[in-house]
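Residue-level structural notes
Chain residues, written in single-letter form:
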Amino acid sequence: MCEDGSRAISIIGFIGSVFSPWYRWSGRKSPDNHCCINVATYGKGGRFTMTDRGRDALQQTNDTFTVGPSSMRWEGGNLVIDINEVSSPPLISRVRGRVIVTPSAVTQVELPLTEDGSHVWRPFAPSSHIRVELDREGWEWEGHGYFDANFGTRALEQDFDYWTWGRYPVEDGSVCFYDATRRDGTDLAIGVHFDHDGNARVMNAPPKVGFRRSLWGVKRETRADAGYKPHQVKNMLDAPFYSRSAVKIQYAGEETVGVHEALDLNRFRGPWLMPMLAVRVPRRKGWRF
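Here's what I pulled together on the structure shown here. (Residues numbered from 1 in each chain as written. Predicted model: local features only at pLDDT ≥ 70, side-chain atom pairs only at ≥ 80, totals over all residues. Heavy atoms only, no water.)

A short note on the overall build of the chain
Summing up its helical and strand segments, the chain has four helices and 22 strands in all. For the chain, the C-alpha radius of gyration of 18 Å lies close to 19 Å, the compact-globule estimate for 289 residues. Taken over the C-alpha atoms alone, the chain extends approximately 55 × 40 × 35 Å along its principal axes. Across the 289 residues that make up the chain, the buried fraction comes to 54%. Looking at the chain alone, contacts between residues at least 24 apart form 53% of all its contacts between residues at least 6 apart. Looking at the chain as shown, the accessible area adds up to about 13500 Å², and 49% of this sits on carbon and sulfur atoms. Positive and negative side-chain charges in the chain, numbering 37 and 35 respectively, have mean positions lying 9 Å apart. (Helix = DSSP H or I, 4+ residues; strand = E, 2+ residues; numbered from the N terminus. Rg over C-alpha atoms; globule rule 2.2 N^0.38 Å. Buried < 20%, exposed > 50% of the residue type's maximum accessible area, 1.4 Å probe, protein only. Contact = heavy atoms within 4.5 Å. Areas by Shrake-Rupley, 256 points an atom, 1.4 Å probe, with all protein chains shown as cover. Lys, Arg positive; Asp, Glu negative; His and termini not counted. Charge placed at Lys NZ, Arg CZ, Asp CG, Glu CD.)

Given below as structure tokens:
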């Protein structure tokens, strides 16, 4: 997010594009044949890009991850992301430029989200500086960023009914809250504080508090000091099963605005959703470097 909160960007690299209808329809047998670098920009002139690509478009080394025309690479202490994508309807246009993420530190933290470790959260850099340089007026800015990864050996909807996640910058680092309802009836509820050196401390998370549902009616809740009512300050991504937004909370007496996500996997499980997603997520099989 930029310093004044007016603009934000989300970039996700997928091998096995978990929200792609084409990956589900394929039976999810070949993750490398359904890869993607998803870029979404929020604010004036915001765009959404998510192209499901085949294995010919995927290249990897120890320090690079390339999917077709876009790539991520470690360069010194920076994660450099080069973007060259086309946005989805109704605003079809080229999204091109560079984003540089500079972690304050890289953590050694991994958190299993299920008892058998079928899903793992890896918060690489909860506190980062971000510089955005896109070739569109108003899209050169700096702000605070975050870099993590999720790994899984089963489909999300196979193991979860619902989850929420939030990352909030605080004076001495960042706090992250992860709450989930698993399909087996158990719950995940964890809060982690990360300092600027990458040290992590599991904390007694403040109470869970609900706030206004998304425009598609997705239930939303996060953690905040007792008696404080969280609220959305910027809508980002709003889908029938998924919400991403900037949310203001209070933690340990400090008000902060961070990114919050809510995912309704009962809705995502429904086959009625896949044709809708196919309009937003085109499939491109061929690619030559």
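What about unusual backbone geometry?
Look at the link from Pro89 to Pro90: it is a cis peptide, with omega at 5°. Looking at the element boundaries, Pro90 is found in the loop between strand E8 (78-86) and strand E9 (94-103). Positive phi is not limited to glycine here, since Arg28 has a value of about 55°. Within the secondary structure layout, Arg28 lies in the loop between helix H1 (21-25) and strand E2 (35-42). Classification of Arg28 by relative accessible area gives partly exposed; the value is 22%. Positive phi values are uncommon outside glycine, yet Ala252 reaches one of about 50°. Note on placement: Ala252 falls in the loop between strand E20 (242-251) and strand E21 (254-264).

Things to note about the packing of aromatic side chains
Pairs of aromatic rings are described using the distance from one ring centre to the other and the angle between the two planes. Counting across every chain of the model gives 17 aromatic pairs. Judged by centre distance (6.0 Å) and plane angle (65°), the ring pair of Trp74 and Phe147 falls under edge-to-face. Residue Trp74 is found in strand E7 (residues 70-75), and its partner Phe147 is found in strand E12 (residues 140-152); the two are separated by 73 residues along the sequence. Taking relative accessible area as the criterion, Trp74 reaches 33% and is therefore assigned partly exposed. Ring geometry for Tyr168 against Phe177: centres 6.0 Å apart, planes inclined by 45°, an arrangement best described as tilted. Each of the two residues, Tyr168 as well as Phe177, counts as buried. Joined through ring pairs, the aromatic side chains of Phe14, Phe19, Phe241, Tyr242 and Phe268 make up one cluster. For Arg24, the ring lying beneath its charged end belongs to Phe268, and the centroid distance is 4.9 Å. Geometry around Tyr162 places Lys219 over its ring, the cationic atom sitting 4.4 Å from the centre. (Phe/Tyr/Trp six-rings, centres within 6.5 Å; stacked < 30°, edge-to-face > 60°. Lys NZ or Arg CZ within 6 Å of the ring centre and 35° of its normal.)

Considering the environment of Thr107
Relative to the helices and strands, Thr107 resides in the loop between E9 and strand E10 (111-112). Take Thr107: its relative accessible area is 1%, and that puts it in the buried class. Once residues lying within four places of it in the same chain are set aside, the contact partners of Thr107 are Arg122, Pro123, Phe124, Pro126, Phe194 and Gly198. Among the polar contacts made by the side chain of Thr107, one reaches the main-chain amide nitrogen of Val109 at a distance of 3.3 Å. (Polar contact = N/O pair within 3.5 Å; in protein donor to acceptor, adjacent residues only side chain to side chain.)

Some points on the nonpolar core
Counting 36 residues, the largest nonpolar core has Phe19, Trp121 and Phe241 as its most contacted members. Counting 20 residues, the second largest nonpolar core, distinct from the first, contains Phe65, Val95, Val99 and Ile130. (Core = buried A, V, L, I, M, F, W, Y, C linked by side-chain atoms within 4.5 Å.)

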